[in-house]
Amino acid sequence: MRAQSFEYQLRHTIPPAPDPEARLKARRAALAEFERVHVRSIEAARPSLGEWLRSLQFNRVALSGVATACVLVIGASLVWLMPASERTIPLQVRFIEREPPPAIEPVLQPVEVPPSVGPPEVQAPDLQPEPLFAFATTLPPPLPADIPAAEEVVVVETARIRQQQVEMHSPTPVLAVESDESSGAVRSDLEAVTITGARVAHRGLLSRKASAGQASGIQRSAEGRDKFQHFETNPVKRVADAPVSTFSVDVDTASYSFVRRQLNDGVLPQVDAVRVEEMINYFDYAWPVPESRQQPFKPTVTVSDSPWSKGKKLIHIGIKGYALPARQQPDVNLVLLLDVSGSMDSPDKLPLAQQSVALLLDSLKPTDTVAIVVYAGAAGEVLSPTPVRNKEKILQALNALQPGGSTAGAEGIRLAYELAERSFRKGGVNRILLATDGDFNVGITDQNELKGYVERQRAKGIFLSVLGFGQGNYRDEMAQTLAQNGNGVAAYIDTLKEAKKVLVQQATGSMFTIAKDVKLQVEFNPTTVAEYRLVGYETRALNREDFNNDKVDAGDVGAGHTVTAIYEITPVGSEAKLIDESRYAGRENAAAPRGTANEYGFLKIRYKLPNGFRSQLLEQPILREAGVPASLEQDVEFSTAVAGFAQILRGGKYTGGLDFEDVIEQARDALGADPNGYRAEFVQLVHEAQKARGM
Amino acid sequence: MDDQPLSGLIRRAQGGDGTAFAELVDLHYDTIYRFAWKWCGHRANAEDIAQQSCIKLAGSLVQFRMQATFTSWLYQLVISCARDWQRAQQRHEHDALPENEPPADAARPEDSIYLAQLLEQLDELGEGMKETALLVHAEGLSHAEAGRILGVSESTISWRVHVMRRHMNTREALISGGV
């Protein structure tokens, strides 16, 4: 028995003195690495644009045969193309105490492309296994490797073997951002660009274009294999040109968790990882719920001044789905589809998934059933549908899982659907929960086939949600697309706390869809509104005609979910207008129908009940004098702070001088009751962003 | 070392000055190594982790922003390397021999054994517990600092500290009760 406390022991256990030899070895290795990083960035900066464009013609051919992973390199001026055999030279340990090399910012540099060069797109052969879910519906078709296109310049470099070794030891490249292995794309409209990055080039998937707003040399995550769909920030639109704005709701929150993780690791997230609406919707707002169940939710509309541009207004549209009391929860038939491939072997992946599921069991009824299917090298049924009252059995099966093998996602999905069908609960919730790090690399031949499959199953009443785990390999877009096609949510789980939020507190929400295909449409009144901008929802935009077309799929709202959309509008006569009047366009102002002068616009919401095929319509005018009810002030202010933060992270194109400081102040004012501490955590996160941007 | 010379050193190293970087490594190797040793309780492993950390430092130093304190940032880096290292170890374990025997290489051998047991217990208590214990108790950082390093709130750290204390109390009571 020990007299001292463990705290005392921890403090007073004295490590053996460091071995001088080991110390020397570490020093040498570190200096070699240092040398490599810096020498490379200097050498890389040398060739002129013209030179590399010429060399590209040659190297592309040479590269196409090299069977190694391809990675993108920084940008036009930082090119270093050499055959792989020569590439090893700077890797040798050859550190000499020498004069400091010229200071070069090795990581991210604004790159300018001279206007005289029409940059061809050069695609490298992507020798990584094909990413699975590059769905043609959302993405441009893949370009053949040898067809130059006009849009961007992508420079490709072959990964060095040693780098790969280092990477292998660092599956979480939190701090190992490699200056020279970032992907870069340069916009043809010649803006200065900050490079964000990914190691794996995939045609179309990674055409990451940075916008002018982020050109200030801000350092961003050049992190590896996490994939995000690229999208442009919604522009300001003139009501006279496009009076109607249509989009689908989005209750996903994956973006927020991902951004949080990056910021907590001390780096700013990639621009495309920041989806404003998902950041906003991460938080719960007290939008009023309808009195009767006939209607799953009712819209709340508020009008307030824009904190980041004088003379503009913000219109909040909030909806909150009614929450089901526990005893009314329908029967649940849940099939867990767990990725147990080798890449899940990390505490924040499979073990976290296991713990998360254990949490979920507590919120289910004893008669609900859970089945477990795993997929890795081969797919297999681990647990046939088992009532939750045999919780021990479920936990046992769950905890016995070990990661190993490569990933074959498709087989697992089919098996999971088979099980779900076997134990189908009529009138209940039949859902597959897919937990993965998104590494669906092996065994899929036809991407669209799988997507179609998920859609067909949805028609049968079996829905799919995707829980993303881990970092470095996460395929956000895949998760989004699958969940969208399967009528589910995609959530990114980085901590057990997040698992609790998503799975337990929102268990009723994520699992019990109360309205599906929810679409919003706002028609602005040209006599009162000059311009408008939808904040976020870029990836959810719909065509005007899609609104009334029930065949067009849209997002779902679950029990207790809140969805918030924010428009920024410029009232007619405001100085803040960005777009000039058209010289020739007629003035439609006179034509406005009577009695609408007090309206900014008109809101329409379409939704279907969970088992319905025909959509219902909700309508209400957006009144100029709507204001913000006192009970909602803090929610409006907090959501505005989050929107401001997300926009700054995306480059702050429309937020003027708004800074992290302002966001912090605003959010602090609006913490409200904050029972789970999520809002306080947000404030902390903004501080992290401030730090990450630094200097 | 004072803040001024240190930040000057960091800036020079960030600018590509190898001598400055070497000096930086020399200055911090001990901190890195000692922390790694307490993290894993094993000399050779700690040396491995320390070396990985130094290598990683070379690549990611440019990311360091002067607003954070360098040592906090360094702890973050070492923890990340240590976890990577552990993952790599676990991967190898699948097809290699079972866990290596607990080594006795602390200044006092019984300390090592106790530390090894303690680390194991902390690991079992949950993710982040061991790191919390090391930062707070071994390195003497405040809860707020530890929170910043581990990317969680101060209250989470306080809570973890409390949980660990409670757990150890129960354990010690069991042991001294002769059960």
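**Student:** Let's hear about the nonpolar core: which residues, and what values?
**Tutor:** One finds A:Phe297, A:Ile315, A:Ile372, A:Val518, A:Phe524 and A:Tyr567 to be the most contacted residues of the largest nonpolar core, which totals 69 residues. Setting aside residues up to four positions removed in sequence, A:Phe524 forms contacts with A:Val239, A:Pro243, A:Ser245, A:Ile315, A:Val529, A:Tyr532, A:Tyr567, A:Ile569, A:Tyr600 and A:Gly601. Formed by 62 residues, the second largest nonpolar core is a distinct cluster that contains A:Leu31, B:Val78, B:Ile79 and B:Leu141.

**Student:** Requested: an account of the packing of helix α6 (residues 129-138) of chain B against helix α7 (residues 143-150) of chain B, with residues and values cited.
**Tutor:** Residue and element names in this part refer to chain B. At their nearest, the axes of α6 and α7 sit 9 Å apart, and the two run at 140° to each other. When the axis of α6 is compared with that of α7, the two are oblique. The hand of the α6/α7 crossing is right-handed. In this structure, α6 uses Glu 131, Thr 132, Leu 135 and Val 136 to contact α7, whose residues at the interface are His 143, Ala 146, Ile 149 and Leu 150. Here the contact of α6 with α7 is composed, by residue class, of five nonpolar, two polar and one charged.

**Student:** Let's hear about the confidence of the model for chain A: which residues, and what values?
**Tutor:** A low pLDDT means the predicted coordinates there should not be read in detail. This prediction gives chain A a mean pLDDT of 70; 63% of its residues lie at or above 70. Ignoring residues within four places in sequence, the model shows residues 441-445 of chain A, a span with pLDDT below 50, making 10 contacts including any to other chains.

**Student:** Now, about the sheet that holds strand β7 (residues 299-305) of chain A: what can you tell me, with residues and values included?
**Tutor:** All names here are of chain A. Strand order in the open sheet formed by five strands is β5-β16-β18-β8-β7, with antiparallel pairing between adjacent strands. Two strands close off the open sheet at either side, each with one partner strand: β5 (237-238) and β7. Bridge count for strand β8 (residues 313-320) against strand β18 (residues 562-571) is eight bridges, and the pairing is antiparallel. Each residue of the ladder has a partner; that of Gly 318, found in β18, is Thr 564. Of the strands in this sheet, β7, β8, β16 (529-535) and β18 are in contact with helix α15 (residues 633-649), which crosses β8 at around 110°.

**Student:** Hey, could you go over the packing of aromatic side chains for me, with residue numbers and the actual values?
**Tutor:** How two aromatic rings sit relative to each other is given by the distance of their centres and the angle of their planes. Residues and elements named next belong to chain A. In this structure the tally under the stated criterion is 22 aromatic pairs over all chains. Here Phe 283 and Phe 682 contribute two aromatic rings whose centre-to-centre distance is 5.7 Å and whose plane-to-plane angle is 85°, an arrangement assigned as edge-to-face. Here the residue Phe 283 occupies a position in the loop between α7 (276-281) and β7, and Phe 682 occupies one in helix α17 (residues 678-693), the gap between them amounting to 399 residues. As far as the burial class goes, Phe 283 and Phe 682 line up, both buried. Three or more aromatic residues joined by ring pairs form one cluster here, namely Tyr 256, Tyr 282, Phe 283, Phe 638, Phe 645, Phe 660, Tyr 678 and Phe 682.

What counts, and where the lines are drawn
- Counting restarts for each chain: residues are numbered from 1 in the order of the written sequence.
- For this description, chains carry letters from A and ligands carry numbers from 1, given in the order in which they are written.
- Selection of residues for local features in this predicted model requires a pLDDT of at least 70, selection of side-chain atom pairs for listing and counting requires 80 or more, and totals for whole chains, interfaces and linings are taken over all residues.
- As a convention, hydrogens and water are excluded, and side-chain values are obtained from all of the structure's heavy atoms.
- For our purposes a nonpolar core is just a set of buried Ala, Val, Leu, Ile, Met, Phe, Trp, Tyr and Cys residues, chained together by side-chain atoms within 4.5 Å.
- Only protein chains enter the calculation, and the probe is 1.4 Å; a residue is then buried if its accessible area is under 20% of its type maximum, exposed if over 50%, and partly exposed in between.
- Working rule for contacts: check all heavy atoms of both residues, and any pair within 4.5 Å makes them a contact.
- Each axis is a line fitted through C-alpha atoms, taken for helices only over the stretch in contact, and angles between the N-to-C directions span 0 to 180 degrees.
- Secondary structure follows DSSP: runs of H or I at least 4 residues long count as helices, runs of E at least 2 residues long count as strands, and numbering of each begins at the N terminus.
- Roughly parallel here means an angle under 35 degrees, roughly antiparallel means over 145, roughly perpendicular means 65 to 115, and every remaining angle is called oblique.
- Crossing chirality is assigned from the near helix's rotation relative to the far helix, an anticlockwise turn below a right angle marking it left-handed and a clockwise turn marking it right-handed.
- The classification used treats Ala, Val, Leu, Ile, Met, Phe, Trp, Tyr, Cys and Pro as nonpolar, Asp, Glu, Lys and Arg as charged, and all other residues, Gly among them, as polar.
- The pLDDT score gives, residue by residue, the confidence of the prediction method on a 0 to 100 scale.
- At least two bridges found by DSSP between two strands are what make those strands a pair.
- Stacked, edge-to-face and tilted are the three classes for Phe, Tyr and Trp ring pairs, Trp counted by its six-membered ring, which pair at centre distances within 6.5 Å; planes under 30 degrees apart are stacked, over 60 edge-to-face, the rest tilted.

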